[in-house]
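Fold and contact review
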Amino acid sequence: MDFLEIEGGHKLFGEITISGAKNAALPVISATLLCNGTTQLKNLPHVVDIRTLLKLLQMLGANVEYSNESATIDCSSIKSTKAVYEIVSQMRASILVLGPLLTRFGECEVSLPGGCAIGQRPIDLHLKALEAMGAKIEIKGGYVRAEAPKGGLRGAKIVFDKITVGGTENTLMAASMANGVTEIINAAREPEIVQLCQMLQSGGVEIEGVGTSRIKVHGSGGKPLCFENPIEIIPDRIEAGTYLCAAAITKSDITLKSVNIEHIQSTIDKLEDMGCHFQISDNSISIHSPEELKEVNIVTAEYPGFPTDMQAQFMAVATLARDESLIEERLFENRFMHVSELNRLGADIWLKGNTAAIRPVKKLYGADVMATDLRASSALVLAALAAEGTTKIRRIYHLDRGYDNLEGKLSSLGAVITRGKE
Ligand code: UD1
């Protein structure tokens, strides 16, 4: 198993380019199943989750050519509609093939994704939406078996009682080939949702309310979509935010290229609260970090609020602030796995329910720690960059799922980081 060794205490400098967003690429790849032909994708990040989903599509019969940041996916040759446990268990987001497979082929089987480190993460809202569109759903032998009514899914009015990114994505894809109009109320508004809507629009689907919490999809009535132009994946807002935090915690000045400033506004705002300054031009951003960081108060929320996927990284940064910070996690019930590992590095973090109090410490010290989930792992990397001495982070396969060339990018900024095997 791979581990990372980071020698802390080095300032970062220079510039890096942000990769395409994993969380935008996953629904886009799933949506290629709606096309009875070839779709071209650009700016895909080199991360394990992308390779996992492409492998799933290949297992379903798609022809996939993948090199550098581009992929050509031909879904005219799909011969199976069963997403097997071996793949789905590696990555929860595989559930995103449910909507497109069902709406295009009329039936499918997708393994239940199960729980994960950050919480229970059920898929009840995905299933409820598909049922509202006329699907018959059965859960048997660890699989979701879904069958569309004769003639295909029917447009419906879907009210999500909780905002769900994946649920909104699955519903959008299912609705795109359904008969009639589907209205999604309390839809997620993340940039990933907007990218998916724009892709579906480019495939010939009329969609109203893109980027709002009320989206109307005029289904194609069973006609497969056709994506003639390449789909370019938007920049990764969480990767960008993570590197801004890396600069803040090491009191450094760095520049990020290929970012969408609007998508990272809440991250910028919180770092400004902590005393960081920014220079922004088009799609690049430079951060100037203060010698002493101020405390910060954060409550996670759906977009455009502060992203839960940035919570762990800010917790790492807050450990070295001048006063106590508070972070409240509102989206996932168990997303504080990084707390005990950060405390191993010398942090002083206390948990009460879903709120963490981060008491300031003068220094963090290198230690052996364990990565527990994707973003928790990046918090450990950030803490290690600032810690005195060397930190060994085990189980970094979590990081490989979501960060493109993490060691390469950090090394190019002057960090001392190596990967080893044990
Ligand atoms: C996506 C992101 C993840 C991010 C999360 C919230 C991807 C691949 N992953 O995950 O990085 O942390 O959004 O921004 O894009 N819920 C239910 N029932 C459901 C679905 C969700 O109760 O059927 C709950 C979840 O347990 C969670 C909340 O709703 O508490 C939000 O989850 P959701 O937005 O669906 O997250 P994901 O799409 O899984």
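Residues numbered from 1 in each chain as written. Predicted model: local features only at pLDDT ≥ 70, side-chain atom pairs only at ≥ 80, totals over all residues. Heavy atoms only, no water.

Considerations on the overall build of the chain
Threshold: To qualify as a helix, a DSSP run of H or I must reach at least 4 residues; to qualify as a strand, a run of E must reach at least 2; elements of each kind are numbered from the N terminus. In this treatment the radius of gyration is a C-alpha quantity, and the globule benchmark scales as 2.2 Å times the residue count to the 0.38 power. Whether a residue is buried, partly exposed or exposed follows from its accessible area with a 1.4 Å probe, protein chains only, as a fraction of its type maximum: under 20%, in between, or over 50%, in that order. Should any heavy atoms of two residues lie within 4.5 Å, those residues are counted as being in contact. Throughout, the Shrake-Rupley method with a 1.4 Å probe supplies accessible areas, and for residues the shown protein chains are the sole cover considered. Charged-residue counts in this description rest on Lys and Arg as positive and Asp and Glu as negative, His and the chain ends being excluded. Taken as the charge location is NZ of Lys, CZ of Arg, CG of Asp or CD of Glu.
Of the regular secondary structure elements, the chain holds 14 helices and 24 strands. Here the C-alpha atoms of the chain give a radius of gyration of 22 Å, agreeing with the 22 Å that 2.2 N^0.38 yields for 422 residues. With 422 residues in all, the chain has 57% of them scored as buried. Across the chain, every contact between residues at least 6 apart in sequence was considered, and the portion connecting residues at least 24 apart equals 72%. In the structure as shown, the chain presents an accessible area of about 16,700 Å², 46% of it carried by carbon and sulfur atoms. Charged side chains in the chain number 43 positive and 51 negative. The centres of these two groups are separated by 5 Å.

Considering the sheet that holds strand 6 (residues 82–83)
Keep this limit in mind: Strands are treated as partners if at least two bridges between them are detected by DSSP. Axes here mean lines fitted to C-alpha atoms, for a helix over just the part in contact, with angles spanning 0 to 180 degrees between N-to-C directions.
Within the open sheet, the four strands sit side by side as 6-7-9-8. Their pairing is mixed. Because the sheet does not close on itself, it has two edges, and the strands there are strand 6 and strand 8 (136–140). Sheet topology places strand 7 (residues 107–111) next to strand 9 (residues 143–147); five bridges connect them, and they run antiparallel. Bridged to Glu109 within strand 9 is Arg145. Helix 4 (residues 98–105) contacts strand 7 and strand 9 of the sheet and is inclined by roughly 160 degrees relative to strand 7.

A closer look at the sheet that holds strand 20 (residues 348–352)
Strands sit in the order 18-19-21-20 across an open sheet of four strands; the sheet is mixed. In this open sheet, the two edge strands, each paired with only one partner strand, are strand 18 (297–299) and strand 20. The mean inter-strand angle of the sheet, taken between neighbouring strand axes irrespective of direction, is 15 degrees. Summarising the sheet, strand 18 and strand 19 (residues 325–328) pair through three bridges and their orientation is parallel. When the bridges of strand 19 are listed, Ile298 appears paired with Ile327. Helix-sheet contacts for helix 10 (residues 311–318) involve strand 18, strand 19, strand 20 and strand 21 (355–359), and the interaxial angle to strand 19 is about 170 degrees.

What to know about the site of the ligand
Under the convention used in this document: Residues are classed as near a molecule or strand on a simple rule: at least one heavy atom within 4 Å of it. Whenever two N or O atoms come within 3.5 Å, that pair is a polar contact, provided that in protein one can donate a hydrogen and the other can accept it, and provided that, for residues adjacent in sequence, both atoms are side-chain atoms. Polar here means any residue other than Ala, Val, Leu, Ile, Met, Phe, Trp, Tyr, Cys and Pro, which are nonpolar, and Asp, Glu, Lys and Arg, which are charged; Gly is therefore polar.
Around the ligand, a shell composed of 19 residues is seen, among which Asp124, Leu125, Thr164, Asp309 and Leu331 lie nearest. At 3.2 Å from an oxygen atom of the ligand is found a main-chain nitrogen or oxygen belonging to Pro122. Taking Leu125, its main chain carries an N or O atom lying 2.7 Å from an oxygen atom of the ligand. Protein coverage of the free-state accessible area of the ligand, which is 740 Å², stands at 87%. Counting only elements with at least two residues in the shell around the ligand, the list comes to helix 1 (22–31), helix 5 (124–132) and helix 6 (165–176). For the shell around the ligand, the element with the highest residue contribution is helix 5, accounting for three residues. Looking at the shell around the ligand residue by residue, the classes come out as nine nonpolar, five polar and five charged.

What about the pattern of salt bridges?
Quick note on the threshold: One side-chain nitrogen of Lys or Arg within 4 Å of one carboxyl oxygen of Asp or Glu is enough to make a salt bridge.
A complete count under the given rule lists 21 salt bridges for this structure. Ionic pairing is found between Glu109 and Arg145, a salt bridge with its closest N-O pair at 3.4 Å. Placement of Glu109 in strand 7 and of Arg145 in strand 9 is noted, with a sequence separation of 36 residues between them. Each member of the salt-bridge network shares a partner with another, and the members are Asp2, Asp400, Glu407, Arg419 and Lys421.

Considering the pairing of strand 3 (residues 38–42)
By the alternation rule, side chains of strand 3 split into Thr39 and Leu41, which are all buried, and Thr38, Gln40 and Lys42, of which none is buried. Relative to strand 5 (residues 70–74), strand 3 is paired through four bridges, and the arrangement is antiparallel. The residue of strand 5 that forms the bridge with Thr39 is Ile73.

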